[in-house]
Amino acid sequence: MPETTKFTLEEHLIPRTWYNLAADLPSPLPPVLHPGTKQPVGPADLAPLFPESLILQEVSQEREIEIPDAVRDVYKLWRPTPLYRARRLEKALDTPAKIYYKYEGVSPAGSHKPNTAVAQAYYNKEAGVKRIVTETGAGQWGSSLAFAGALFGLEVNVYMVRVSYNQKPYRRALMETWGARCVPSPSTETAAGRAILEQRPDHPGSLGIAISEAVELAVQREDTKYALGSVLNHVLLHQTVIGAEALLQMEMAGDYPDVLVGCTGGGSNFAGMAFPYLGAQLRGGKKVRVVAVEPAACPSLTRGRYAYDFGDTAHLTPLTKMHTLGSTFTPPGFHAGGLRYHGMAPMVSHVKELGLIDAVAYHQTKCFEAGVLFARTEGILAAPEANHAIRGAVDEALAAKEEGKPRTILFNLCGHGHFDMQAYIDYNSGKLQDQHYDENELAMALAGLPPV
Ligand SMILES: *Cc1c(COP(=O)(O)O)cnc(C)c1O
């Protein structure tokens, strides 16, 4: 049989259900707490922010949740996404390992984010919502929601972290082309934004601040809801189409991964790939080593504390138990904007505590080094976030070489980097530097964790 490079599925094999890891966990997630009472929140507490259908998914214990036909119909624009065998990268590394990658960069916005943006837009539209407000870091989430809003006829307002807003004008143009309004955060449009600007007029912004702004606006109006691009259970749920397709494609390849690798910002693309495999393992299937790769400049899984914390800076969100650097922590301005978040998805944090996954942290120059090798062998120019996953996979392949033992590695290539060219300009001209957070600031942010 000739060697296959690209494993593709027909359209009718787009998954019909999302997979919910909660159904197979050996112990349940710690409850989400109300910030005032410190008691578990009920669905009513979340109603100002999300439509009921999404709140039910957030707390669901069902293993399989049906994907609405209207959502599957939009998924057809780019799903199923291809899974590749990275033969040229393997050769360049001279490794006995087999490397596979699932490519989510073929979506209209260029990343995995439309998998949940489309679902969230659909459920909001069904609930009669007119306007969705959200935050965005690098602009991947904002553009994905702008795209989804255009398809379902929803108004979309995006608060974009200021350093990214300045660094990535093309992402903003993409959002505006899809009909969204994009505002740099911190902004003067909210009390949360004005309070930050009063202290520091040139504040670079952070996802935590932008979330505060979006949440503040969402709770003020009946016809307006909030959407989050990562972290929450229902977002991770929607991303499991990635792993569900990969399971079929690896079967086509006649292989099963020994190692899974994904980059983690809030944890959604990582979970989307890993959870269907972890579920299979928890139900008695093959054990797989799962590696989360995070930026060393914002290392919530490897340096954070597993504690109750707020999702935002102004402390408007409920308290969730997660690996966190503290909600007041402002990460330095490195290029993988999608990974600049102080916390980690509660579900990913939980499986880390259960010992079901490992985590490693890398600085950005090492990630770009791997990303450039990947571009020169496999052709795809990856997003700075995705370069973290490539680095993780390359190091696994090099370890296999060192040990002289083959292994099968599957990683999630969560997006292309065509709107991140400044990062590549910096790297190619030798100007890209590792960014380090301030240890004192981290200590202070951790000391400021809410007492629960
Ligand atoms: C948003 C984003 C991330 C980080 O978010 P996760 O929820 O951790 O997936 C990573 N890569 C890309 C390309 C993104 O757009």
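Our subject is the structure listed above.
Attention in this report is confined to the structure presented alongside it. (Residues numbered from 1 in each chain as written. Predicted model: local features only at pLDDT ≥ 70, side-chain atom pairs only at ≥ 80, totals over all residues. Heavy atoms only, no water.)

On to the sheet that holds strand E15 (residues 408-413). Taken together, the seven strands give an open sheet; going across it, the order is E1-E4-E5-E15-E10-E11-E14, and neighbouring strands pair in mixed fashion. For this open sheet the edge positions go to strand E1 (6-7) and strand E14 (358-362), each flanked by a neighbour on one side alone. Across six bridges, strand E5 (residues 98-103) lies against E15 in parallel orientation. Residue pairing for E15: Tyr 100 is matched across the bridge by Leu 410. Packed onto the sheet, helix H12 (residues 241-252) meets E1, strand E4 (83-85), E5 and E15 and runs at close to 140 degrees relative to E5. (Pairing = 2+ DSSP bridges. Helix = DSSP H or I, 4+ residues; strand = E, 2+ residues; numbered from the N terminus. Contact = heavy atoms within 4.5 Å. Axes fitted to C-alpha atoms, helices over the stretch in contact; angles between N-to-C directions.)

Positionally, Val 129 belongs in the loop between helix H5 (114-126) and strand E6 (131-136). Taking the C-alpha atoms as reference points, Val 129 and Lys 225, 96 residues apart in sequence, are found 6.9 Å from one another. Not counting residues within four places of it along the chain, the set of residues in contact with Val 129 comprises Asn 124, Leu 154, Asp 223 and Lys 225.

Think of a ball as big as a water molecule: rolled over the atoms, this probe shows where empty space is left. In this structure, the largest pocket spans a volume of roughly 700 Å³. Lining the largest pocket are 37 residues; nearest its centre among them are Val 32, Glu 58, Leu 232, Asn 233 and Thr 320. Within the residue set of the lining of the largest pocket, elements represented by two or more residues are helix H1 (43-46), helix H2 (52-59), helix H10 (207-220), strand E13 (319-324) and helix H15 (346-353). Sort the elements by how many residues they give to the lining of the largest pocket and H2 lands first, with four residues. Each residue belonging to the lining of the largest pocket can be placed in one class, and the counts come to 26 nonpolar, nine polar and two charged. Approximately 240 Å³ is the volume found for the second largest pocket. Together, Ile 196, Gln 199, Arg 200, His 203, Ser 206, Ile 209, Thr 313, Ser 327, Thr 328, Phe 329, Thr 330 and Glu 441 line the second largest pocket. For the lining of the second largest pocket, the per-class residue count stands at three nonpolar, seven polar and two charged. (1 Å grid on protein atoms, 1.4 Å probe; cavity = no way out; pocket = protein on both sides within 12 Å on 5 of 7 lines; lining within 4 Å. Points joined across faces, edges and corners; volume = space filled by probe spheres on them. Nonpolar A, V, L, I, M, F, W, Y, C, P; charged D, E, K, R; others polar.)

Take the site of the ligand next. Inspection of the region around the ligand gives 16 residues, with Lys 113, Ser 230, Gly 265, Ser 268 and Asn 269 positioned closest. In this structure, an oxygen atom belonging to the ligand sits 2.5 Å away from a side-chain N or O atom of Ser 230. Gly 266 is positioned with one of its backbone polar atoms (N or O) 3.1 Å from an oxygen atom of the ligand. Within the complex, 97% of the 380 Å² of free accessible area of the ligand lies under protein. (Near = heavy atom within 4 Å. Polar contact = N/O pair within 3.5 Å; in protein donor to acceptor, adjacent residues only side chain to side chain. Areas by Shrake-Rupley, 256 points an atom, 1.4 Å probe, with all protein chains shown as cover.)

This part covers the nonpolar core. One finds Ile 99, Tyr 101, Phe 374, Ile 390, Ile 409, Phe 411 and Leu 413 to be the most contacted residues of the largest nonpolar core, which totals 50 residues. Among the elements that line this core, the one with the most residues is helix H17 (residues 384-403), at seven residues. Apart from the residues lying within four places of it in its own chain, the contact partners of Phe 411 are Ile 99, Tyr 100, Tyr 101, Lys 102, Val 261, Met 273, Phe 374, Ala 389, Ile 390 and Ala 393. Membership of the second largest hydrophobic core comes to 33 residues, among which are Ala 117, Met 160, Cys 182 and Leu 237. (Core = buried A, V, L, I, M, F, W, Y, C linked by side-chain atoms within 4.5 Å. Buried < 20%, exposed > 50% of the residue type's maximum accessible area, 1.4 Å probe, protein only.)

The next thing to look at is the packing of H12 against helix H13 (residues 268-282). Between H12 and H13, the least distance of the axes is 7 Å, while the angle of their chain directions is 50 degrees. In terms of orientation, H12 and H13 fall into the oblique class. Seen along the crossing, H12 lies across H13 with a hand that is right-handed. Side by side, H12 and H13 meet where Ile 242, Gly 243, Ala 244, Ala 246, Leu 247 and Met 250 of the first sit next to Asn 269, Gly 272, Met 273, Pro 276 and Tyr 277 of the second. Counted by class, the contact of H12 with H13 contains eight nonpolar, three polar and no charged residues. (Parallel < 35°, antiparallel > 145°, perpendicular 65-115°, else oblique. Left-handed = near helix turned anticlockwise from the far one by under 90°.)

This model, assessed by the stated rule, comprises 22 salt bridges. A salt bridge links Asp 420 to Lys 168, with the shortest nitrogen-to-oxygen separation between them at 2.9 Å. Placement of the pair is Asp 420 in the loop between E15 and helix H18 (421-428) and Lys 168 in the loop between helix H7 (162-167) and helix H8 (169-177), with a sequence separation of 252 residues. Close ionic contact of Glu 439 with Arg 303 constitutes a salt bridge, the shortest N to O distance being 3.5 Å. Separated by 136 residues along the polypeptide, Glu 439 in helix H19 (residues 439-447) and Arg 303 in helix H14 (residues 300-303) bring together distant segments of the chain. (Salt bridge = Lys/Arg side-chain N within 4 Å of Asp/Glu carboxyl O.)

In this section: the sheet that holds strand E7 (residues 155-161). Strands sit in the order E8-E7-E6-E9 across an open sheet of four strands; the sheet is parallel. Each of the sheet's edge strands pairs with one partner strand only, and the pair in question is strand E8 (181-185) and strand E9 (224-226). Averaged over all pairs of adjacent strands, the angle between strand axes in this sheet comes to 25 degrees, irrespective of strand direction. Bridge count for E6 against E7 is six bridges, and the pairing is parallel. Looking across to E7, one finds that Glu 135 is bridged to Tyr 159. Most of the contacts of helix H6 (residues 140-152) go to E6, to which it runs at about 160 degrees, and overall it touches E6 and E7. Helix-sheet contacts for H10 involve E6, E7, E8 and E9, and the interaxial angle to E6 is about 170 degrees.

The next subject is empty space enclosed by the protein. Under the defined criterion, the tally for this structure stands at four cavities of 30 Å³ or more. There is about 360 Å³ of room inside the largest cavity. Contributing elements (two or more residues each) for the lining of the largest cavity: E6, H6, H10 and H13. Of the residues that constitute the lining of the largest cavity, the class distribution is 11 nonpolar, 16 polar and three charged. Considered as a void within the structure, the second largest cavity measures approximately 60 Å³ in volume. In this structure, the second largest cavity is lined by Tyr 19, Asn 20, Leu 21, Gln 57, Asn 233, Leu 236, Leu 237, Thr 240, Phe 275 and Met 347. Among the elements that line the lining of the second largest cavity, the one with the most residues is helix H11 (residues 233-239), at three residues. The residue inventory of the lining of the second largest cavity, partitioned by class, reads six nonpolar, four polar and no charged.

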